[in-house]
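Now for the letters of each chain:
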Amino acid sequence: DLEIYNLDVSKSPEGRVPGYGGYLLAKSDNLTFIGESDNPEDVRLVGNQSDQMRIFVVYNSGCVLRNLLMTGGYTIAQGAGICMSDTFVGNPEAAFTASNCVVENCSAAYQGGGVFGGLLRDCVIRNNEVRNKGTFPEGSAGGVFHATLYDCVITNNYAGFCGGGIAGGRQS
């Protein structure tokens with residue numbers, strides 16, 4: 001098992017600015033991150049819920065995330081677990097595909113406590129939240145915002161305004 005704890009954004013690639021970067025930055029097209037087994041619990045990407053750091057930030061298209069557990073992401077904006085860049089707002093599916101992943105215990109201030117954008121298949125999105133942290137009015141989509149979902153489990157997420165689990169996007 002690979003476990004990464006207390007990710008420090010100041011040591012992440014390119015010294016990202018806290019709250020706007022992430023520990024793992026997908027800045028090239030078609031990057032793939034795959035856990036070594038079919039059990040997402042085997043590869044845990046763990047933030048510390050306090051350093052304004054997302055787990056994944058996707059800047060370019062075609063990123064693939066598979067068999068990963070992401071937990072403890074935190075941001076004063078949107079998408080504390082996985083966040084697409086604003087470039088993809090018109091076509092969120094182009095940003096990334098996450099399959100057989102778990103996103104849990106992440107917290108954002110605005111939208112998509114767990115996930116902002118992308119295409120999710122067979123994922124579990126649980127125990128995430130969007131709470132006002134003094135930067136925005138109460139936000140929406142504690143679990144997932146502006147994404148397309150297939151066969152996902154969305155449970156026990158919270159948003160102060162609307163869409164505790166899901167807001168925007170498409171579900172199947």
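This section reports on the structure supplied with the text. Given the structure is predicted, the values throughout are model-derived calculations rather than measurements.

Before going further, it helps to examine the nonpolar core. If you look at the biggest cluster of nonpolar residues, it comprises 32 residues, and the most contacted ones within it are Leu-65, Met-70, Ile-82, Phe-96 and Leu-120. Contributions of two or more residues to this core are made by strand 4 (43-46), strand 5 (54-58), strand 6 (63-66), strand 9 (82-84), strand 10 (96-99), strand 13 (115-116) and strand 17 (144-145). For Leu-65, the contacting residues outside a window of four places in its chain are Phe-33, Phe-56, Ile-82, Phe-96, Thr-97, Ala-98, Ser-99 and Cys-101.

Moving on: the pairing of strand 5. In terms of burial, strand 5 is a largely internal element, 5 of the 5 residues being buried. Where strand 5 and strand 9 come together, 3 bridges link them in parallel fashion. Bridging from a neighbouring strand, Phe-56 pairs with Ile-82 of strand 9.

Glancing now at the packing of aromatic side chains. Under the defined criterion, the tally for this structure stands at 2 aromatic pairs. When the centroid spacing of 5.0 Å and the interplanar angle of 70° are considered together, the rings of Phe-33 and Phe-56 count as edge-to-face. Separated by 23 residues along the polypeptide, Phe-33 in strand 3 (residues 32-34) and Phe-56 in strand 5 bring together distant segments of the chain. Judged by relative accessible area, Phe-33 falls into the partly exposed class, the value being 25%. Aromatic pair Phe-116 and Phe-145: ring centres 5.8 Å apart, planes at 5°, arrangement stacked. Here Phe-145 lies in strand 17 and Phe-116 lies in strand 13, a separation of 29 residues in the sequence. Like Phe-145, Phe-116 is buried. The ring of Tyr-158 has Arg-131 lying over it, and the distance from NZ or CZ to the ring centre is 4.2 Å.

With that out of the way, let us pick up the pattern of salt bridges. Enumeration over the complete set of coordinates arrives at 4 salt bridges. In this structure, Glu-41 and Arg-126 form a salt bridge, with 3.5 Å as the shortest nitrogen-oxygen distance. A residue pair is termed long-range when its members are at least 10 positions apart, and Glu-41 in the loop between strand 3 and strand 4 and Arg-126 in strand 15 (residues 124-126) qualify at 85 residues. Taking the shortest distance from any N to any O, the salt bridge between Glu-129 and Arg-131 comes out at 2.6 Å. Its relative accessible area of 23% is what places Glu-129 among the partly exposed residues. Through salt bridges with shared partners, a single network forms among Glu-41, Arg-44, Glu-104 and Arg-126.

A few words on the sheet that holds strand 8 (residues 74-75). Taken in spatial order, the 4 strands of this open sheet run 8-12-16-20, and their pairing is parallel. Strands at the two margins of the open sheet, each flanked by one partner only, are strand 8 and strand 20 (158-159). Sheet analysis places strand 12 (residues 107-108) next to strand 16 (residues 129-130), joined by 2 bridges and oriented parallel. Bridge pairing links Ala-108 to Val-130 in strand 16.

Time to look at the environment of Thr-75. Inspection of the secondary structure assignment puts Thr-75 in strand 8. Each C-alpha atom, one on Thr-75 and one on Tyr-110, is 8.8 Å from the other, the two residues being 35 residues apart in sequence. Within the structure, Thr-75 has its side chain in polar contact with the backbone nitrogen of Ala-77 (distance 3.1 Å).

Here strand 6 runs beside strand 10; their pairing, made up of 4 bridges, is parallel. Counted as the bridge partner of Cys-63 is Phe-96 from strand 10. Bridge count between strand 10 and strand 14 (residues 119-121): 3 bridges; the pairing is parallel. Each residue of the ladder has a partner; that of Ala-98, found in strand 14, is Leu-120.

Conventions we followed
Residues numbered from 1 in each chain as written. Predicted model: local features only at pLDDT ≥ 70, side-chain atom pairs only at ≥ 80, totals over all residues. Heavy atoms only, no water. Core = buried A, V, L, I, M, F, W, Y, C linked by side-chain atoms within 4.5 Å. Buried < 20%, exposed > 50% of the residue type's maximum accessible area, 1.4 Å probe, protein only. Helix = DSSP H or I, 4+ residues; strand = E, 2+ residues; numbered from the N terminus. Contact = heavy atoms within 4.5 Å. Pairing = 2+ DSSP bridges. Phe/Tyr/Trp six-rings, centres within 6.5 Å; stacked < 30°, edge-to-face > 60°. Lys NZ or Arg CZ within 6 Å of the ring centre and 35° of its normal. Salt bridge = Lys/Arg side-chain N within 4 Å of Asp/Glu carboxyl O. Polar contact = N/O pair within 3.5 Å; in protein donor to acceptor, adjacent residues only side chain to side chain.

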